[in-house]
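# Remarks on the overall topology
The primary structure of each chain is shown beneath.
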Amino acid sequence: MRRPIIAANWKMHMTLGEGTELAQGIVKGCRDMDDVDIVLAPPFTALSTVRKEIHDTPIALCAQNLYWEEKGAFTGEVSAAMLKDVGCDYAIVGHSERRQLFGEIDRSANKKVLAALTHDLIPILCVGETDAERDRGVTYVVVDRQVKEALKDVAATQLDRIVIAYEPIWAIGTGRTATPAQAEEVHQSIRGQLAKLFDTDAAETVRLLYGGSVKPDNVDDLMAEADIDGALVGGASLKPDSFNRICGFERRT
Ligand code: 13P
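Notes on the structure follow. As a convention, each chain's residues are numbered from 1 in the sequence order in which they are written. For a predicted model such as this one, the threshold for reporting local features is a pLDDT of at least 70, and the threshold for listing and counting side-chain atom pairs is 80 or more; totals across whole chains, interfaces and linings nevertheless cover every residue. Excluded from the side-chain calculation are hydrogens and water; included are all heavy atoms of the structure.

Starting at the N terminus, helices and strands are each numbered in turn, a helix being any DSSP run of H or I of at least four residues and a strand any DSSP run of E of at least two. Across its full length, the protein chain carries 11 helices and 8 strands. Each radius of gyration reported is based on C-alpha atoms, and the globular scaling rule is 2.2 Å times the count of residues to the power 0.38. Against the compact-globule benchmark of 18 Å for 253 residues, the protein chain has a radius of gyration of 17 Å, which places it among compact chains. Taken along the three principal axes of its C-alpha coordinates, the protein chain extends 45 × 45 × 35 Å. By the burial criterion, 55% of the 253 residues in the protein chain qualify as buried. Any two residues having at least one pair of non-hydrogen atoms within 4.5 Å are treated as being in contact. Put simply, of all contacts in the protein chain between residues at least 6 apart along the chain, 74% involve residues at least 24 apart. Total accessible area on the protein chain stands at roughly 11,600 Å², and carbon and sulfur atoms take up 51% of it. For the protein chain, the distance from the average site of its 29 positive side-chain charges to the average site of its 39 negative ones is 3 Å. Accessibility here uses a 1.4 Å probe with only protein chains present; expressed as a share of the type maximum, an area under 20% marks a residue as buried, one over 50% as exposed, and anything in between as partly exposed. Reported accessibility uses the Shrake-Rupley method at a 1.4 Å probe radius. Residues are deemed covered only where the shown protein chains occlude them. None of His or the chain ends enter the tally, which takes Lys and Arg as positive and Asp and Glu as negative. Here the site of a charge means atom NZ of a Lys, CZ of an Arg, CG of an Asp or CD of a Glu.

A positive phi is found at K11, a non-glycine position, where the angle reads about 50°. Tracing the backbone shows K11 in the loop between β1 (5-9) and α1 (16-30). Given a relative accessible area of 21%, K11 falls into the partly exposed group. A positive phi angle, close to 90°, is found at M14, a residue other than glycine. As for its position among the elements, M14 is in the loop between β1 and α1.

Moving on, we get to the pairing of strand β6 (residues 163-166). Along any regular strand the residues' side chains alternate between the sheet's two faces. The two faces of β6 match: V163 and A165 on one face and I164 and Y166 on the other face are all buried. For two strands to be treated as a pair, DSSP must find at least two bridges joining them. Alignment of strand β5 (residues 122-127) against β6, held across 4 bridges, turns out to be parallel. Within the sheet, the bridge partner assigned to V127 lies in β6 and is Y166. Pairing analysis gives 4 bridges linking β6 to strand β7 (residues 207-211), with the strands arranged parallel. The partner of I164 across the bridge, within β7, is L208.

Nearness is defined per residue: one heavy atom within 4 Å of the molecule or strand is enough. In the region of the ligand, the neighbouring residues are N9, K11, H95, E167, A171, I172, G173, G212, S213, L232, G234 and G235. Whenever two N or O atoms come within 3.5 Å, that pair is a polar contact, provided that in protein one can donate a hydrogen and the other can accept it, and provided that, for residues adjacent in sequence, both atoms are side-chain atoms. One of the side-chain N or O atoms of E167 is found 3.0 Å from an oxygen atom in the ligand. Bound to the protein, the ligand loses 96% of the 310 Å² it would expose on its own.

Okay, here's the thing in structure tokens:
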């Protein structure tokens, strides 16, 4: 059984005051949920503040990005060791907004995955196709390539320290969620690909999250799918009520 993860990607939202209030609301609603890993990814500026709020709870801290070099003249970048130092256990890698707006490519996602693993951070690797790619029928080609390239030089024994988020770009921030069946199909394909690249047992350990307009009213059906092990939530993570409801998704056995 894979333990579910619900992760909040706050993106470029939340001042220190707003982030404190949101974290407090999430701690209040979620601190006793012991059957799900809850992960918060505030902007870099709020990591330290949010860490104080979640300090004695099981809620984990996550960065939205990292740079692969150890240290040096890389103005504006933040290393994996710095993130570990501020209290992060996770880091998002290769989010589609980084790929589309900041020119990130599979090769950089790969370097970031490897740097995260070296510093004992769990990478949440994001993959997903655009609307045009889905229309052209190349969803699996694109996702297969993204997974394969980003996991180059990763060992099968490291797979249980990797989380993959399938985030179809057409569903991000659009209110257009993939149906549970559409998401499950791609998740199954990712797991199948992991089995081919590594081995079946290792592939079974990887937690696969779905992201793209996850809301309180669609999370239960998404989470009921066999290969959907969690959610990466954007907009609906910015209010305690909706995020807490998502963390409290209906457990169907
Ligand atoms: P939304 O939930 O706002 O669609 O964002 C999804 C996302 O990009 C999470 O990383």
